[in-house]
Amino acid sequence: MSSYNDIVKRNKKYVLQTYTRYPVALKKGKGVYVWDVNNKKYLDFIAGISVNNLGYNNKQINSIINKSLENLIHTSNLFYTEPQINLAEKLSKSTNNGKVFFCNSGAEANETALKLARAHGNRFKNPRKKIITLKNSFHGRSLATVFATGQKKYQKGFKPKVGNYTYIRPDNIKMLKKILNNDVSAVLIELIQGEGGINILDKEFVQYLYKECRKKKILFMVDEVQTGLGRTGKLFAFKYFNIIPDVITLAKSIAFGLPMGVAIIKKEFAGILKPGMHASTFGGGDLVSSAACKVIDIISKKSFLDDVQKISKYFHTKLLSLKKRYKFIIEVKGIGLMLGLKFKFPCKDVVKKLLKQGLITNCIQDNVLRFLPPLIIKKNHVDEAIQKLDKVFKTL
Ligand SMILES: *Cc1c(COP(=O)(O)O)cnc(C)c1O
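Residues numbered from 1 in each chain as written. Predicted model: local features only at pLDDT ≥ 70, side-chain atom pairs only at ≥ 80, totals over all residues. Heavy atoms only, no water.

Caption draft 1: Up close: the overall build of the protein chain. Looking only at helices and strands, the protein chain has 14 helices and 17 strands in total. At 21 Å, the protein chain has a C-alpha radius of gyration in line with the 21 Å of a compact globule built from 396 residues. Overall size of the protein chain, expressed as C-alpha extent along the three principal axes, is 65 × 55 × 45 Å. Within the protein chain, the proportion of its 396 residues that are buried is 54%. Just so you have it, the protein chain exposes about 19,300 Å², and 54% of that area is on carbon and sulfur atoms. Of the side-chain charges in the protein chain, 69 are positive and 29 negative, and the distance between the mean point of each set is 4 Å. (Helix = DSSP H or I, 4+ residues; strand = E, 2+ residues; numbered from the N terminus. Rg over C-alpha atoms; globule rule 2.2 N^0.38 Å. Buried < 20%, exposed > 50% of the residue type's maximum accessible area, 1.4 Å probe, protein only. Areas by Shrake-Rupley, 256 points an atom, 1.4 Å probe, with all protein chains shown as cover. Lys, Arg positive; Asp, Glu negative; His and termini not counted. Charge placed at Lys NZ, Arg CZ, Asp CG, Glu CD.)

Caption draft 2: Layout of the sheet that holds strand β14 (residues 338-343). If you trace the four strands from one edge of the open sheet to the other, you get β13-β14-β17-β16, paired in antiparallel fashion. The outermost strands of the open sheet, each flanked by one partner alone, are β13 (329-335) and β16 (362-364). Looking at each pair of strands side by side, their axes are set apart by 30° on average, direction ignored. Bridge count between β16 and strand β17 (residues 368-371): three bridges; the pairing is antiparallel. For Cys363, the partnering residue across the bridge sits in β17 and is Leu369. (Pairing = 2+ DSSP bridges. Axes fitted to C-alpha atoms, helices over the stretch in contact; angles between N-to-C directions.)

Caption draft 3: Spotlight on the site of the ligand. Around the ligand sit Ser105, Gly106, Ala107, Asn110, Phe138, His139, Gly140, Glu190, Asp223, Val225, Gln226 and Lys252, and that is every residue in its neighbourhood. A distance of 2.8 Å separates an oxygen atom of the ligand from a polar atom in the backbone of Gly106. When isolated, the ligand has an accessible area of 380 Å², and the protein chains bury 79% of it. No other element matches helix α5 (residues 106-121), which puts three residues into the shell around the ligand. (Near = heavy atom within 4 Å. Polar contact = N/O pair within 3.5 Å; in protein donor to acceptor, adjacent residues only side chain to side chain.)

Caption draft 4: A look at the state of the cysteines. One pass over the full model with this rule turns up one disulfide. Free of any disulfide, Cys103 has its nearest cysteine sulfur in Cys293, 16 Å distant. (Disulfide = S-S within 2.5 Å.)

Caption draft 5: Quick look at the packing of aromatic side chains. The final tally for this structure, using the stated rule, is twelve aromatic pairs. With centroids separated by 5.3 Å and ring planes inclined at 70°, the aromatic side chains of Phe138 and Tyr154 adopt a geometry described as edge-to-face. With a gap of 16 residues between them, Phe138 in the loop between β5 (130-134) and α6 (143-148) and Tyr154 in helix α7 (residues 152-155) connect regions that are remote in the sequence. Ring pairing ties together the aromatic residues Tyr326, Phe328, Phe343, Phe345 and Phe393, which thus form one cluster. Directly above the ring of Phe124 sits Arg128, whose terminal nitrogen or CZ lies 3.9 Å from the centroid. (Phe/Tyr/Trp six-rings, centres within 6.5 Å; stacked < 30°, edge-to-face > 60°. Lys NZ or Arg CZ within 6 Å of the ring centre and 35° of its normal.)

Caption draft 6: Spotlight on the pattern of salt bridges. All told, the structure shown has 14 salt bridges when counted by the stated rule. Measuring nitrogen to oxygen at the nearest pair gives 3.1 Å for the salt bridge that ties Glu212 to Lys215. Of this pair, Glu212 and Lys215 both sit in helix α9 (residues 203-216), three residues apart, which is roughly one turn of the helix. A relative accessible area of 7% places Glu212 in the buried class. For Lys215, a relative accessible area of 60% gives the class exposed. One salt bridge in this structure joins Arg214 and Asp246, with 2.8 Å as the shortest N-O distance. (Salt bridge = Lys/Arg side-chain N within 4 Å of Asp/Glu carboxyl O.)

Caption draft 7: Layout of α9. End to end, α9 covers 20 Å across 14 residues, agreeing with the expected 20 Å (1.5 Å per residue, within 8%). For α9, the full list of buried residues reads Phe205, Val206, Tyr208, Leu209, Tyr210, Glu212 and Cys213. On its buried face, α9 is in contact with β5, α8 (173-179), β7 (184-189) and β10 (219-223). Trailing α9 by a residue or two, Lys217 shows a phi angle of about 55°, which is positive. (Expected span 1.5 Å × (residues − 1). Contact = heavy atoms within 4.5 Å.)

Shown next as structure tokens:
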């Protein structure tokens, strides 16, 4: 096996340098732990950015994947395949009873929603051209989704702008009243902004937006790429808001680390995208769909989600006690196992110090230390994380 230095050197030479990586090369994982090439062990409280939500090397899912390897892996959407249909049925029944489009990432799932929004807008006599998104949102890095994203830093260098977006400050109902006219085809929002700093939207704002969208035939589209599939302690974040979105997009944790994205479209709008209007070569293949079916079966169990809620409360309480002890912590943010600590100062170096202690976290919006642990963590893992946080915080 190559050394860390060798890996870094060859990365620089052969891999496009679009990432700022941690000074660590990982080689394997088990449960909620990962190991680097020097056999140093880390407690992983980022879980592949909310992808490895059932931890690493899960026996149940490994055996499903192994079985699928002997069948098809992939065959394209020229054919019907059963795992894809099984998964679509599970997703439909647990969300908005809609129809499912399969693709391979969060950005692609949102691309599907945005294409649907355009096709929907073009059905009107005076075509509706505008799509509303929120400031501080994150919807992906493709050209359409990067301009749907309400953060200038991701758009820098990529003009001319693709699409016609209006960005609204979250929770600003006054602005909504002004902007929700009949030139708007859709809104796309995260109910809890992830990359934007773990910001939970106001229930009142969301319900007002939802009601107006219904009234004005504006598509109400919710990006649950990060919040979906148990992350918040419910199966989906929209269940906290008493709404049923017209479109729900998912990706990240849906197939246990295998790439998959989905857009689930309510029946009344599902006919807008007709045969030939959208496609994906890999979308909903046998292997990924089989894995995703198992993931959904595991996380939809009431006992599983109850455990997430319980451990979330425990973790949240422990974070509050850290806040009490350290004045540089302004706020404990989040819900479920999507939690963070807002600092008075940038937290990039805190992340590095935590890495040295064997705890993986990340820093978003400059000063929010984010935790997205696997949903299977137990009390002892929280205790271990808190101990490491405490040790590093003492030095700040
Ligand atoms: C990660 C993320 C995306 C983008 O997903 P990719 O798979 O990286 O394309 C989109 N929306 C939200 C809310 C995300 O967290």
